[in-house]
Amino acid sequence: NAVDPIKVSMPRAGEYHLDGERYDLDGLVSRLIDEHMSEPERRLVLRGDQKLPYSEVRTVMARLQRIGLPGLSFMVGERHGGDTTPDADAGGEDG
């Protein structure tokens, strides 16, 4: 059985959305710890605006990885609509 991933959007640095609610990073981490405790097999998809600095995304991803989720994917897209395409590799080149 495939379990739907937890989907978090990051429209700008320091702002995160999950299930229609807005969080700062500490609030998001707390919420994701609770989600992970109740459903430890769920992965996370972080969707970020294409204009976000990679250093900001890398910092957030490092913090989220410490939660212990079984997988973390990063997608890049435009803030308002448009296609969202997966980043080539979250650990790849940062330009």
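Throughout what follows, the structure given in this document is the object of discussion. (Residues numbered from 1 in each chain as written. Predicted model: local features only at pLDDT ≥ 70, side-chain atom pairs only at ≥ 80, totals over all residues. Heavy atoms only, no water.)

1. Some remarks on the nonpolar core
- Core analysis: the biggest nonpolar cluster contains 20 residues, and Val8, Leu28, Leu32, Leu44, Leu46 and Leu64 have the highest contact counts within it.
- Listing elements by their share of this core, those giving two or more residues are β1 (6-12), β2 (15-18), α1 (25-38), β4 (44-49) and α2 (54-65).
- Leave out the neighbours within four places in its chain, and Leu28 touches Val8, Tyr16, Leu18, Tyr23 and Leu64. (Core = buried A, V, L, I, M, F, W, Y, C linked by side-chain atoms within 4.5 Å. Buried < 20%, exposed > 50% of the residue type's maximum accessible area, 1.4 Å probe, protein only. Helix = DSSP H or I, 4+ residues; strand = E, 2+ residues; numbered from the N terminus. Contact = heavy atoms within 4.5 Å.)

2. Quick word on the pattern of salt bridges
- Going through the model one piece at a time under the given rule, you end up with seven salt bridges.
- When the shortest N-O distance is used, the salt bridge between Asp19 and Arg31 registers 2.6 Å. Taken together, the positions of Asp19 in the loop between β2 and β3 (21-23) and Arg31 in helix α1 put the pair 12 residues apart, joining distant regions of the chain.
- Residues Arg42 and Glu35 are paired through a salt bridge, measuring 3.3 Å at the closest nitrogen-oxygen approach. (Salt bridge = Lys/Arg side-chain N within 4 Å of Asp/Glu carboxyl O.)

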